[in-house]
Amino acid sequence: MPGGESNQILVQLEGVVIGYSQDTPLAEISSLNVRCGEIIAIAGLSGIGKTTLIKTIAGLVQPLAGRISVCGAEIPKRPDRGNLGYIPQRLGLVRHASVFHNVLIGSRATYGGFLGVLASKDAKEMARKSIEKMGLTEKIWEPVRRLSGGQQRRVATARTLAQSPRVILADEFLSELDHETMSNVSETVVNYARSADAAVILIEHDMKRASNIADKIMVMDEGTLKILNPESMMMEVQK
Ligand SMILES: Nc1ncnc2c1ncn2[C@@H]1O[C@H](COP(=O)(O)OP(=O)(O)OP(=O)(O)O)[C@@H](O)[C@H]1O
Ligand SMILES: [Mg+2]
């Protein structure tokens, strides 16, 4: 669903504490708003809680405290099917199934088909287009397990784009890609976000890459999320 009010907040966190136990919370995010067309990158040390944050926003891990809403639905309510696209760090692909089948699973979320053979023509077309955008047309009937790590990452990205989400949560989706492929994949996702007015939260270790893609870079550190301003000065996120 492209368009929408351009300043609309698609992801909102207030007083959110993330983690797996009340005794050892990983981080507290006092306030975070991500608007239509906005791309935010999150960096931080390994094990600090970046994936946990993304999973919490995706509704896969319960927040220890606070309020999270995505596309107007406050967790534990979920946004409408297809509105939230998640590219996990562990990709969650069906390894024995083809590239096409894996991507179709994404587009079906929006188009409501049932099994692969019954999926609508639109859904199949959308899957093919997303695969083409990711440069995987030659591999379309190949089982995913025969693909390289970077190619599998691109399948997961195609799967998300095929569902035309309003919000994309991408966990290190550019790792394992060579420079040229990385540029193509990130450009495709950025172009999608701009044209569909979607909000993107991505996790990216490489600061140079993050600054090329994102409007804003945040670092998870010392139990909170800090904004990295252009002078590389750290300051607490306050909005
Ligand atoms: N299901 C779980 N139950 C309990 N603890 C967990 C669970 N998943 C992750 N953790 C712990 O939470 C902490 C944060 O993990 P997380 O995966 O969010 O880190 P990360 O910042 O994404 O790291 P990386 O950059 O290595 O991907 C780690 O100490 C991890 O062991
Ligand atoms: Mg992680």
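Residues numbered from 1 in each chain as written. Chains lettered and ligands numbered in written order. Predicted model: local features only at pLDDT ≥ 70, side-chain atom pairs only at ≥ 80, totals over all residues.

Asks: Looking at this structure, I do not really get the overall build of the protein chain. What am I missing?
Replies: Tallying secondary structure elements over the protein chain gives six helices and 11 strands in all. For the protein chain, with 239 residues in total, the buried portion stands at 42%. The long-range fraction of contacts in the protein chain, counting pairs at least 24 apart against all pairs at least 6 apart in sequence, stands at 69%. (Helix = DSSP H or I, 4+ residues; strand = E, 2+ residues; numbered from the N terminus. Buried ≥ 20, exposed ≤ 12 C-beta atoms within 10 Å, placed from the backbone. Contact = placed C-beta atoms within 7 Å.)

Asks: Before we go on, may I ask you to explain the packing of helix α4 (residues 149–161) against helix α5 (residues 179–196) in this structure?
Replies: A pair of packed helices is characterised by two quantities: the angle between their axes and the separation of those axes. Between α4 and α5, whose axes approach to 12 Å, the crossing angle comes to 10 degrees. Classified by the interaxial angle, the pair formed by α4 and α5 is roughly parallel. For the pair α4 and α5, the contacting residues are Gly 150, Arg 154, Thr 157 and Leu 161 in the first and Thr 181, Val 185, Val 189 and Tyr 192 in the second. Each residue belonging to the contact of α4 with α5 can be placed in one class, and the counts come to four nonpolar, three polar and one charged. (Axes fitted to C-alpha atoms, helices over the stretch in contact; angles between N-to-C directions. Parallel < 35°, antiparallel > 145°, perpendicular 65-115°, else oblique. Nonpolar A, V, L, I, M, F, W, Y, C, P; charged D, E, K, R; others polar.)

Asks: Help me understand α4 in this model?
Replies: Three or four residues apart is the spacing at which side chains of an α-helix point the same way, because the helix has 3.6 residues per turn. Here α4 contains 13 residues, and its C-alpha end-to-end distance of 19 Å stays within 8% of the 18 Å for a straight helix at 1.5 Å per residue. Along α4, the residues that are buried comprise Gln 152, Arg 153, Arg 154, Val 155, Ala 156, Thr 157, Ala 158, Arg 159, Thr 160 and Leu 161. (Expected span 1.5 Å × (residues − 1).)

Asks: Quick question: what am I supposed to make of the confidence of the model for the protein chain here?
Replies: With 87% of its residues at a pLDDT of at least 70, the protein chain reaches an overall mean of 88. Note on residues 110–114: pLDDT under 50 across the span, and 12 contacts to partners over four residues away in sequence or across chains. A low-confidence stretch, residues 233–239 stays under pLDDT 50, and its non-local contacts, those more than four residues away or across chains, total 17 contacts. (pLDDT = per-residue confidence, 0-100.)

Asks: Which parts of the structure should I look at to understand the pairing of strand β7 (residues 167–171)?
Replies: Every other side chain in a regular strand lies on the same face of the sheet, so the side chains alternate between the two faces. When you tally the buried positions in β7, you get five out of five residues, the bulk of the element. Here β7 shows no split at all, with Val 167, Leu 169 and Asp 171 on one side and Ile 168 and Ala 170 on the other all buried. Note: strand β6 (residues 84–87) against β7, four bridges, orientation parallel. When the sheet's bridge partners are listed, Ile 87 is paired in β7 with Ala 170. The sheet contact formed by β7 and strand β8 (residues 199–203) spans five bridges and is parallel. From the neighbouring strand, Ile 168 faces β8, where its bridge partner is Val 200. You can see the chain leave β7, run along α5 and come back into β8, and the turn it takes is right-handed. (Pairing = 2+ DSSP bridges. Right-handed = clockwise from strand over helix to strand, strands pointing away.)

Asks: What is the right way to look at the environment of Ala 214 in this model?
Replies: Here Ala 214 shows up in the loop between α6 (207–213) and β9 (216–221). On the basis of neighbour counts, which here come to 22 C-beta atoms within 10 Å, the residue Ala 214 falls in the buried class. Leave out the neighbours within four places in its chain, and Ala 214 touches Ile 39, Ile 40, Ala 41 and Leu 202.

Asks: What is the right way to read the site of ligand 1 from this model?
Replies: For ligand 1, the full set of nearby residues is Tyr 20, Leu 26, Gly 44, Ser 46, Gly 47, Ile 48, Gly 49, Lys 50, Thr 51, Thr 52 and Gln 89. Residue classes in the shell around ligand 1 are distributed as three nonpolar, seven polar and one charged. (Near = placed C-beta within 6 Å.)

Asks: What is the right way to read the pairing of β8 from this model?
Replies: Counting buried residues in β8 gives five out of five residues, a clear majority hidden from the surface. When strand β3 (residues 39–44) meets β8, the two strands line up parallel, connected through four bridges. Looking at the pairing, Ile 40 lines up with Ile 201 of β8.

Asks: Just to check I follow, could you spell out unusual backbone geometry for this structure?
Replies: Residues other than glycine predominantly adopt negative phi, and peptide bonds predominantly adopt the trans conformation. Along the chain, Ile 75 connects to Pro 76 via a cis peptide bond; the corresponding omega equals 15 degrees. Here Pro 76 is to be found in the loop between β5 (73–74) and β6. Its identity as a non-glycine residue notwithstanding, Ser 164 has a phi of 45 degrees, on the positive side. Inspection of the secondary structure puts Ser 164 in the loop between α4 and β7. Using a count of 21 C-beta atoms within 10 Å as the deciding quantity, one classes Ser 164 as buried.

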